[in-house]
Amino acid sequence: MTFRIAPSILSANFAKLGEEVANVIASGADWIHFDVMDNHYVPNLTIGPLVCEAIRPCTTAPIDVHLMVKPVDRIVPDFAKAGANIITFHPEASEHIDRTLGLIRDSGCQAGLVFNPATPLNWMDHVMDKLDMVLLMSVNPGFGGQSFIPGTLDKLREARAKIDAYTARTGRQILLEIDGGVKVDNIAEIARAGADTFVAGSAVFGAGKDSDPQRYNSVLGELRTALAGV
């Protein structure tokens, strides 16, 4: 299994966001995770398409946009135009999940569903042909720096079983991402439960001194070492 690490810029220094993106990719990250909150679907307000457009020239790495907004469809084309590669959304935030997935893919991006800790996985059962990724939240969305919810491991195993069964039938791969409380001391256990893509915010961007552009090398190396033992 190929593992991908996607640092969340929610925990980055926004005064130096372009540098932060470039430095974390240069230090070995695979993707940039981009958290969009609307103070409606979740109780926080973050960033929008203009910021995505601004950081797009800073890296060629995929930008993984996680929409915590309601409604969803209006903003999807804006993020596609701004340079997003993957767009995921919460099924509760869309009136027509199949239509929203189709809109994302028709806009030129990969599409995925996001499941909160208490959201059942059966939302994905009838749209797997339009899914490129499934993202499980291992914290309740809205704020960075929260602790991993242990019950997510069983949910990961369930999601992995669904995806593997679908891949066995169709030959098509669907990525399984985890977001919330991912750190060096638990990433291996999370990987064993089935995740192949890992969002890490404070664990990465909280490392080292802000004045050191190489400060992310160590923590990303430790995450990679932990995954190598899986």
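Preceding this section is the structure that the text describes.
Residues numbered from 1 in each chain as written. Predicted model: local features only at pLDDT ≥ 70, side-chain atom pairs only at ≥ 80, totals over all residues. Heavy atoms only, no water.

## Some words on the sheet that holds strand E8 (residues 197-200)
Rules: Any two strands with at least two DSSP bridges between them are considered paired. Each helix is a run of H or I in the DSSP string that is no shorter than four residues. Each strand is a run of E no shorter than two, and both are numbered from the N terminus. Between the N-to-C directions of two axes lies an angle of 0 to 180 degrees, each axis being a line fitted to C-alpha atoms and, for a helix, fitted only over the stretch in contact. By the convention used here, residues are in contact when the closest approach between their heavy atoms is within 4.5 Å.
Pairing is parallel across the open sheet formed by eight strands, whose spatial order is E1-E8-E7-E6-E5-E4-E3-E2. Two strands in the sheet have a free side with no partner beyond their single neighbour: strand E1 (4-7) and strand E2 (32-37). Averaged over all pairs of adjacent strands, the angle between their axes in this sheet comes to 25°, without regard to strand direction. One ladder, built from three bridges, connects strand E7 (residues 175-179) with E8; its direction is parallel. Note on E8: the bridge partner recorded for Glu177 is Thr197. In this fold helix H4 (residues 97-106) packs onto strand E4 (86-89) and strand E5 (110-115), with an angle of close to 140° to the strand it touches most, E5.

## Here's the deal with the pattern of salt bridges
Which entries qualify depends on this criterion: Throughout this description, the term salt bridge denotes a Lys or Arg side-chain nitrogen within 4 Å of a carboxyl oxygen of Asp or Glu. Each residue's exposure class comes from its accessible area (1.4 Å probe, protein chains only) as a fraction of the maximum for that residue type: buried when under 20%, exposed when over 50%, partly exposed otherwise.
Enumeration over the complete set of coordinates arrives at 11 salt bridges. One salt bridge in this structure joins Arg4 and Asp196, with 3.2 Å as the shortest N-O distance. With Arg4 in strand E1 and Asp196 in the loop between helix H6 (187-192) and E8, this residue pair connects regions lying 192 residues apart in the sequence. Here Arg4 matches Asp196 in class, with each residue buried. Close ionic contact of Lys162 with Asp125 constitutes a salt bridge, the shortest N to O distance being 2.7 Å. Remark: Asp125 occurs in the loop between E5 and strand E6 (133-137) and Lys162 occurs in helix H5 (residues 152-170); sequence separation between them is 37 residues. In this structure Asp125 comes out as partly exposed when scored by relative accessible area, which is 34%.

## Points about helix H1 (residues 17-26)
All of the buried residues in H1 are Leu17, Glu20, Val21, Asn23 and Val24. For H1, the secondary structure elements touched by its buried residues are E1, E2, helix H2 (49-55), helix H7 (202-205) and helix H8 (216-228). At the C-terminal side of H1, Gly28 shows a positive phi close to 120°.

## Describing the side chain of Thr119
This is how it is decided: Any pair of N or O atoms that falls within 3.5 Å is considered a polar contact. Within protein, one atom must be able to donate a hydrogen and the other to accept it, and sequence-neighbouring residues count only if both atoms are side-chain atoms.
Secondary-structure assignment places Thr119 in the loop between E5 and E6. At 2.6 Å, the side chain of Thr119 forms a polar contact with the side chain of Glu92. Ignoring anything within four residues of it in the chain, the contact list for Thr119 reads Pro91, Glu92 and Lys155.

## Quick notes on the nonpolar core
Where we set the bar: In this description, a nonpolar core means a group of buried Ala, Val, Leu, Ile, Met, Phe, Trp, Tyr and Cys residues linked to one another through side-chain atoms lying within 4.5 Å.
Counting 72 residues, the largest nonpolar core has Ile9, Phe34, Val65, Leu67 and Phe198 as its most contacted members. If you tally residues by element for this core, the top one is H8, at six residues. In this structure, Phe198 is in contact with Phe3, Arg4, Ile5, Ala6, Ile178, Val182, Ile187, Ile190, Ala191 and Leu227, ignoring residues within four places of it in sequence. With five residues, the next largest nonpolar core counts Trp31, Ile86, Met133 and Val199 among its residues.

## Thoughts on the side chain of Asp179
As for its placement among the helices and strands, Asp179 is situated in strand E7. Of note is the side chain of Asp179, whose polar atom sits 3.3 Å from the side chain of His33.

## Description of the state of the cysteines
So the rule is basically this: Disulfides are defined as pairs of cysteine sulfur atoms found within 2.5 Å of each other.
Per the counting criterion, the structure on display carries zero disulfides. In this structure Cys52 is a free cysteine whose sulfur lies 8.7 Å from that of Cys109, the closest cysteine sulfur available. Cysteine Cys58 shares no disulfide, and the gap to the nearest cysteine sulfur, in Cys52, comes to 11 Å.

## Focus on H8
Rules: Expected span, for any helix, means 1.5 Å times one less than how many residues it has.
With 13 residues, H8 should reach 18 Å at 1.5 Å per residue; the first-to-last C-alpha distance of 18 Å fits that figure. Taken together, the buried residues of H8 touch E1, H1, H6, E8 and H7.

## Here we look at the packing of aromatic side chains
We count it as follows: When the centres of two rings from Phe, Tyr and Trp lie within 6.5 Å, Trp using its six-membered ring, the rings pair. Their planes under 30 degrees apart give stacked, over 60 give edge-to-face, and anything left gives tilted.
Tallied over the full model, the rule gives three aromatic pairs. With centroids separated by 5.4 Å and ring planes inclined at 80°, the aromatic side chains of Phe205 and Tyr216 adopt a geometry described as edge-to-face. Here Phe205 is found in helix H7, whereas its partner Tyr216 is found in helix H8, with 11 residues between them in sequence. Look at Phe205 and you get buried, because its relative accessible area is 7%.

As far as function goes, none of this settles anything; it's purely spatial.
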